[in-house]
Amino acid sequence: SSSSLSSSDEDGDAETEFQLQLDYHHHQNAVYDLAAVIVHSGNASHGHYTTYRRAVSQDQELRDSNTWFYISDETTQRVSQDSVLRSEAYMLFYHKRTVPSPAPSPAPSSPLSAS
């Protein structure tokens with residue numbers, strides 16, 4: 001299932017919406033999982049970037065648990081997925097995952113005409 005949330009900028013004007021997963025398996029045989037969210041605070045001249053990063057691990061259980069970390073300079077802390085979805089995203093990074101092609105649909109049978 002895919003989750004998304006809208007957030008507005010500091011002025012409340014613009015809205016951004018992003019999803020945990022983009023599903024393109026019908027077109028590209030791929031699903032894109034949100035891997036990181038970059039957040040910028042400040043203005044064009046001065047500011048600070050922070051990151052929300054999904055855990056990357058060889059351990060399938062950790063990878064599937066939606067474990068996220070907030071990273072800012074020397075600080076790293078575990079955060080909830082809701083915190084990530086509430087963030088004001090500046091840039092999003094997705095990881096492409098190939099999925100099996102859907103099975104072709106059987107051709108519709110044509111009704112036999114009665115003579």
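Residues numbered from 1 in each chain as written. Predicted model: local features only at pLDDT ≥ 70, side-chain atom pairs only at ≥ 80, totals over all residues. Heavy atoms only, no water.

*Asks:* Mind showing me how you'd approach the environment of serine 87 here?
*Replies:* Position of serine 87 relative to the elements: it lies in the loop between α3 (81–86) and β8 (89–98). For serine 87, a relative accessible area of 6% puts it in the buried group. Along the backbone, serine 87 and threonine 51 are 36 residues apart, and their C-alpha atoms lie at a distance of 9.9 Å. Here the side chain of serine 87 touches valine 84 through a polar contact of 2.6 Å, landing on its backbone oxygen. (Helix = DSSP H or I, 4+ residues; strand = E, 2+ residues; numbered from the N terminus. Buried < 20%, exposed > 50% of the residue type's maximum accessible area, 1.4 Å probe, protein only. Polar contact = N/O pair within 3.5 Å; in protein donor to acceptor, adjacent residues only side chain to side chain.)

*Asks:* Please clarify how the pairing of strand β4 (residues 30–42) should be interpreted in this entry.
*Replies:* Remark: a regular strand shows side chains that alternate across the two faces of the sheet. Extensive coverage of β4 is indicated by the burial of 10 of its 13 residues. Direction of pairing for strand β3 (residues 21–23) relative to β4: antiparallel, over a ladder of 3 bridges. For leucine 22, the partnering residue across the bridge sits in β4 and is tyrosine 32. Where β4 lies against β8, 9 bridges are found, and the strand directions are antiparallel. When the bridges of β8 are listed, valine 37 appears paired with leucine 92. (Pairing = 2+ DSSP bridges.)

*Asks:* Explain the nonpolar core here, please?
*Replies:* Burial of nonpolar side chains together is a common tendency in soluble globular proteins. Core analysis: the biggest nonpolar cluster contains 11 residues, these being Phe18, Leu20, Leu34, Val37, Val39, Tyr52, Trp68, Val79, Val84, Leu85 and Ala89. Of all the elements in the fold, those that place two or more residues in this core are β4 and α3. Counting residues per element, this core draws most heavily on β4, which supplies 3 residues. (Core = buried A, V, L, I, M, F, W, Y, C linked by side-chain atoms within 4.5 Å.)

*Asks:* Which parts of the structure should I look at to understand the pairing of strand β7 (residues 75–79)?
*Replies:* Where strand β6 (residues 68–72) lies against β7, 5 bridges are found, and the strand directions are antiparallel. Bridge pairing links serine 72 to threonine 75 in β7. Counted along the chain from β6 to the antiparallel partner β7, the turn is 2 residues long, and its residue aspartate 73 has a positive phi close to 50°.

*Asks:* Teacher, can you tell me more about the confidence of the model for the protein here?
*Replies:* The predicted structure's coordinates, where accompanied by low pLDDT, should not be read in detail. For the protein, the mean per-residue pLDDT works out to 76, and 63% of the residues sit at or above 70. In this model, residues 1–13 is a region of pLDDT below 50 whose contacts with residues beyond four sequence positions or in other chains number 30 contacts. (pLDDT = per-residue confidence, 0-100. Contact = heavy atoms within 4.5 Å.)

*Asks:* Looking at this model, I keep getting lost on unusual backbone geometry. Mind explaining?
*Replies:* Note: most peptide bonds trans; most residues except glycine with negative phi. For aspartate 73, which is not glycine, the phi dihedral falls at a positive 50°. Assignment of secondary structure puts aspartate 73 in the loop between β6 and β7.

*Asks:* I tried to follow the pattern of salt bridges on my own but got confused; where do I start?
*Replies:* Should their charged atoms come close, side chains of opposite charge can pair. The tally for this structure, following the rule as stated, stands at 1 salt bridge. Its salt-bridge partner being arginine 97, residue aspartate 33 comes within 2.8 Å of it at the nearest N-O pair. In this pair, aspartate 33 is assigned in strand β4 and arginine 97 in strand β8, connecting sequence segments 64 residues apart. What makes aspartate 33 buried here is its relative accessible area of 16%. (Salt bridge = Lys/Arg side-chain N within 4 Å of Asp/Glu carboxyl O.)

*Asks:* Just to check I follow, could you spell out the packing of aromatic side chains for this structure?
*Replies:* To describe a pair of aromatic rings, you give the distance between the ring centres and the angle between the ring planes. The full count for this structure, using the stated rule, is 2 aromatic pairs. Plain terms: the ring middles of tyrosine 52 and tyrosine 70 are 5.2 Å apart, the flat faces sit at 55° to each other, and that makes the pair tilted. Remark: tyrosine 70 occurs in strand β6 and tyrosine 52 occurs in strand β5 (residues 47–54); sequence separation between them is 18 residues. (Phe/Tyr/Trp six-rings, centres within 6.5 Å; stacked < 30°, edge-to-face > 60°.)

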